[in-house]
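# Overview (structure and organization)
Chain residues, written in single-letter form:
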Amino acid sequence: MKNNLARPLLSENSDIAQKVGEIIQAVRVGGDNVLIDLTEKFDGVKLAELQVSPAEFENINISDESKNAIIFAKNQLEINHATQLPKPQKIQTCEGVICERQARPIDRVGLYIPGGTAPLISTVLMLAVPAQIAGNGLKILCTPPNKQGQTDPHILFAAQLCGIETVYKIGGAQAIAAMAYGTESIPKVDKIFGPGNRWVTQAKQLVSQDSEGAAIDMPAGPSEVMVIADDEANPAFVAADLLSQAEHGVDSQVILIALSEQFIGRVRSALESQLEKLSRKNIIIQALTHSRMIVAENINQAINISNNYAPEHLILQINHPEKYTDKISNAGSVFLGPWAPETIGDYVTGSNHVLPTYGYAKNYSGLSVLDFMKFISFQSVTKSGLVKMGPYAEILSSIEGLDAHKNAVSLRLAELNNG
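Residues numbered from 1 in each chain as written. Predicted model: local features only at pLDDT ≥ 70, side-chain atom pairs only at ≥ 80, totals over all residues. Heavy atoms only, no water.

By size, the foremost hydrophobic cluster in this structure holds 37 residues, and its most contacted members are L111, L141, V167 and F372. Looking at this core, the elements with two or more residues in it are α4 (64-81), β3 (108-112), α5 (121-134) and α6 (153-161). The leading source of residues in this core is α5, at nine residues. In this view, L111 contacts L127, A128, I140, L141, C142, I164, M179, F193 and F372; residues no more than four positions away in its chain are not counted. In terms of nonpolar packing, the next biggest core, distinct from the first, is built from 32 residues, I140, A173, I176 and Y181 among them. (Core = buried A, V, L, I, M, F, W, Y, C linked by side-chain atoms within 4.5 Å. Buried < 20%, exposed > 50% of the residue type's maximum accessible area, 1.4 Å probe, protein only. Helix = DSSP H or I, 4+ residues; strand = E, 2+ residues; numbered from the N terminus. Contact = heavy atoms within 4.5 Å.)

Set out below in structure tokens:
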């Protein structure tokens, strides 16, 4: 079973870590000039300027239909994410001792929006809305240019809608390096957010391991979905969910866990029928080489398999899915029932679609406002508080052999006693 659930990229012997490291070092040394050269090399366009100009924002031209859809999605995200703002916590742990925890926005954040084969407007919203709610001081966005050296106007509209007008036309590992270390044009940030391909993921991991680099949100790599379906599920719905995730890229992975071979057969037929009508057929066919269709004995075994795999997206197309939610321990985001396609969560439910992949759902959560914030603890101690707690601190300091620690308390206690 373990081999059946292997991620496609984990099974490859890739040496991209060294290549990504070389790109990062080149950007650190060469700055903007290297970014321009790498953009020409990887994206096929020679940029005159890295930053999107004010004129490009002023000349955004998209349909009213598109604007309304983007605005609706943003509003949905705001409704959900506004509830995530933390409140100050203040408690008296002992007479004369108060501990407090307060949230602060991270000063400078960088948002990465993949380019690839489609403009990911929704990802702009998923990153920019929580950043806007958190109140980060500096927010910049990097995304690869198109072949004309432009940024998709839908991306610019979504960014502007969320208060971001500092956008750079760079992508890949070089964009991560630029945000982590800064260049002549691009300011250094404290934390980098956003999904990407294996090069981007590797770059994020490398800069996060460097004290001079930047923190990251999570290791977010190629997309994946797992569908658990019983025999009463609609095979056409199941097939559609698998195909919708497979079209993200050739390294995406889709997995079906069913309760019978007969149902799997019906899903395969639906897949073949729907595939013929899809514009990204060639991408999907390659992604489906990583697909798996597994027969489980029952729903409980299927969920155990899912918890072991820890999918980015988990869809439960089963009777009364709410009965099984307590059994799910590892998943990025879970979709319950036949009327909750993963597509809805990608765009308009208000939930965040930047989620842990590669099994990182075992120890990471989906993106939230809290990821854009940090916490500071405050401690207030009165004279009576020190008298009550100080002797215990002296004992513990002595046990650990830290005389200076003990002395810092003892001096104060002596001062109080002398007073």
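Bringing helix α12 (residues 299-309) into the picture now. Every buried residue of α12 is accounted for by I299, A302, I303, I305, S306, N307 and Y309. Measuring from the backbone nitrogen of N300 back to the side-chain oxygen at the start of α12 gives 3.2 Å, which picks out N298 as the cap. Within two residues after α12, A310 carries a phi angle of roughly 55°, on the positive side. (Polar contact = N/O pair within 3.5 Å; in protein donor to acceptor, adjacent residues only side chain to side chain.)

All right, on to the packing of aromatic side chains then. Counted according to the given criterion, the structure contains three aromatic pairs. Between F193 and F372 the ring centres are 3.8 Å apart and the planes differ by 5°, which places this aromatic pair in the stacked class. Of this pair, F193 sits in strand β6 (residues 191-193) while F372 is found in the loop between α13 (342-347) and β13 (373-381), placing the two residues 179 residues apart along the sequence. Each member of the pair F193 and F372 is classed as buried. Between Y360 and Y364 the ring centres are 5.7 Å apart and the planes differ by 85°, which places this aromatic pair in the edge-to-face class. A cation over a ring is seen here: R28 above Y181, with NZ or CZ 3.9 Å from the ring centre. (Phe/Tyr/Trp six-rings, centres within 6.5 Å; stacked < 30°, edge-to-face > 60°. Lys NZ or Arg CZ within 6 Å of the ring centre and 35° of its normal.)

The next thing to look at is the pattern of salt bridges. Enumeration over the complete set of coordinates arrives at nine salt bridges. The partner of K19 in a salt bridge is D15, and the shortest N-O contact between them spans 3.7 Å. D217 serves as the salt-bridge partner of K204, at 2.7 Å between the closest nitrogen and oxygen. One end of the pair, K204, is in helix α8 (residues 198-208); the other, D217, is in the loop between β7 (215-216) and β8 (224-229), and 13 residues separate them in sequence. Judged by its relative accessible area of 7%, D217 is buried. A single salt-bridge network, built from bridges that share partners, covers R28, D210 and E212. (Salt bridge = Lys/Arg side-chain N within 4 Å of Asp/Glu carboxyl O.)

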